[in-house]
Amino acid sequence: MTDSAANILIVEDERSIASFLRRGLVFEGYDVRVTDSGAQALTITRDSQVDLIVLDIMLPGEVDGVEVCRRIRGAGDQVPILMLTARDEVADRVEGLDAGADDYMVKPFAFEELLARLRALLRRKETRGETREEDESGTYAFSDLSLDTTTRFAYRGERQIELTAREFDLLLLFLRHPQQVMTRELIMERIWGDDFPGESNVLEVTISNLRRRLEAEGEPRLLQTVRGVGYALREQTS
Ligand code: CA
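Residues numbered from 1 in each chain as written. Predicted model: local features only at pLDDT ≥ 70, side-chain atom pairs only at ≥ 80, totals over all residues. Heavy atoms only, no water.

Draft legend 1. A look at the overall build of the chain. Along the chain, the regular secondary structure elements total 8 helices and 12 strands. A total of 238 residues make up the chain; the buried ones form 43% of that total. Of the contacts formed within the chain by residues at least 6 apart in sequence, a portion of 57% connects residues at least 24 apart. Carbon and sulfur atoms make up 47% of the accessible area of the chain, which amounts to about 12,800 Å² in all. (Helix = DSSP H or I, 4+ residues; strand = E, 2+ residues; numbered from the N terminus. Buried < 20%, exposed > 50% of the residue type's maximum accessible area, 1.4 Å probe, protein only. Contact = heavy atoms within 4.5 Å. Areas by Shrake-Rupley, 256 points an atom, 1.4 Å probe, with all protein chains shown as cover.)

Draft legend 2. Spotlight on the nonpolar core. Counting residues in hydrophobic clusters, the biggest one holds 28 residues, and the most contacted among them are Leu171, Phe174 and Ile187. Residue assignment for this core shows that the elements contributing at least two residues are β6 (139-142), β7 (145-148), α6 (165-176), α7 (184-192), α8 (202-214) and β12 (230-233). It is α6 that contributes the most residues to this core, 7 residues altogether. The contact partners of Leu171, leaving out residues within four places of it in the chain, are Leu145, Leu147, Ala154, Leu163, Leu210 and Leu214. (Core = buried A, V, L, I, M, F, W, Y, C linked by side-chain atoms within 4.5 Å.)

Draft legend 3. Here's a closer look at the packing of aromatic side chains. Under the counting rule described, the total for this entry stands at 1 aromatic pair. When the ring of Phe20 is compared with that of Phe111, the centres are 5.7 Å apart and the planes differ by 70 degrees; the resulting orientation is edge-to-face. Separated by 91 residues along the polypeptide, Phe20 in helix α1 (residues 15-27) and Phe111 in helix α5 (residues 111-136) bring together distant segments of the chain. Among the residues examined, Phe111 registers a relative accessible area of 15% and is labelled buried. Directly above the ring of Phe168 sits Arg152, whose terminal nitrogen or CZ lies 3.8 Å from the centroid. (Phe/Tyr/Trp six-rings, centres within 6.5 Å; stacked < 30°, edge-to-face > 60°. Lys NZ or Arg CZ within 6 Å of the ring centre and 35° of its normal.)

Draft legend 4. Geometry of the packing of α6 against α7. Orientation of α6 relative to α7, taken along the N-to-C sense of each, is 130 degrees, at an axis distance of 10 Å. The angle between the axes of α6 and α7 places the two elements in the oblique class. With respect to the hand of their crossing, α6 and α7 are arranged in right-handed fashion. Across the interface between the two elements, Arg166, Asp169, Leu170, Leu173 and Phe174 from α6 touch Ile187, Arg190, Ile191 and Trp192 from α7. Along the lines of polarity and charge, the residues of the contact of α6 with α7 split into 6 nonpolar, no polar and 3 charged. (Axes fitted to C-alpha atoms, helices over the stretch in contact; angles between N-to-C directions. Parallel < 35°, antiparallel > 145°, perpendicular 65-115°, else oblique. Left-handed = near helix turned anticlockwise from the far one by under 90°. Nonpolar A, V, L, I, M, F, W, Y, C, P; charged D, E, K, R; others polar.)

Draft legend 5. Representation of the coordination of the calcium ion within the structure. For the calcium ion, the protein coordination sphere consists of Asp13 (OD), Asp56 (OD) and Met58 (O), at 2.1 to 2.3 Å. Sequence spacing of the donor residues for the calcium ion, all on one chain, is D-x42-D-x1-M. One end of the pair, Asp13, is in the loop between β1 (7-11) and α1; the other, Asp56, is in strand β3 (residues 52-56), and 43 residues separate them in sequence. According to the relative accessible area criterion, Asp56 is buried, its value standing at 2%. (Donors = N, O, S within 2.8 Å, 3.2 Å for Na, K, Ca; no water.)

Draft legend 6. Looking closely at helix α2 (residues 38-47). Taken residue by residue, α2 has Gly38, Ala41, Leu42, Ile44 and Thr45 as its buried positions. One face of α2 carries all of its buried residues, which in axial projection span an arc of 165 degrees. The exposed residues of α2 that point more than 90 degrees off its buried face are Arg46 and Asp47. Lining the buried residues of α2 we find β1, β2 (31-35), β3 and α3 (65-74). Put simply, Ser37 is the residue that caps the front of α2, since its side-chain oxygen is 3.3 Å from the backbone nitrogen of Ala39. (Arc of directions from axis to C-beta. Polar contact = N/O pair within 3.5 Å; in protein donor to acceptor, adjacent residues only side chain to side chain.)

Draft legend 7. Summary view of the pattern of salt bridges. Tallying each qualifying case throughout the model produces 15 salt bridges. Measuring nitrogen to oxygen at the nearest pair gives 2.8 Å for the salt bridge that ties Arg184 to Glu204. Here the residue Arg184 occupies a position in helix α7, and Glu204 occupies one in helix α8, the gap between them amounting to 20 residues. Overall, the relative accessible area of 29% leaves Glu204 in the partly exposed class. (Salt bridge = Lys/Arg side-chain N within 4 Å of Asp/Glu carboxyl O.)

See below:
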């Protein structure tokens, strides 16, 4: 990329807020696009350069903000997303962050604070971008576990481990979010998506198979169950 201004996409159906944001951000020198539709936001993000998205949670139509976020992350796009919510409700925030948003703000907010958070997200994107590009086609690692995305082999130390396609996807998801608790729903959505097998226990089975492979030589468990929530890649604490 050149040193041109960052492209910010505003997804907001409340016109007064959308135009207030657009004017403010244009004044700050950003390239700004606005849409009031979640579906359109997905098209724009897919088809053009978007460096950051300001995303309202409550949007008209089929695709609300959480869904936009989920689909963007589901497509493997790590564009920074700042969510806006009108309701100061913990549930909304958690849902937004679970769906892969980087930050959120509760309306009404001060423009200066929004600016500060956007700058922080854009900075993070730049520093992340440098390491990430190597990572994408290389190796992810956590503790003595590593995953080579070109050969698709996992390793515990030097021990090479063969994975099925699903196990590979699942392990990559965890290695991209080390230490983070990933909810069942989030994992299902990302790994199985449209093939979502409803009430089946396919996730539990895949996790259990993956563990069997990763712990075949008695290695300590890294894929932990977080009871009632989901799973996390972390070292055993007890
Ligand atoms: Ca709205």
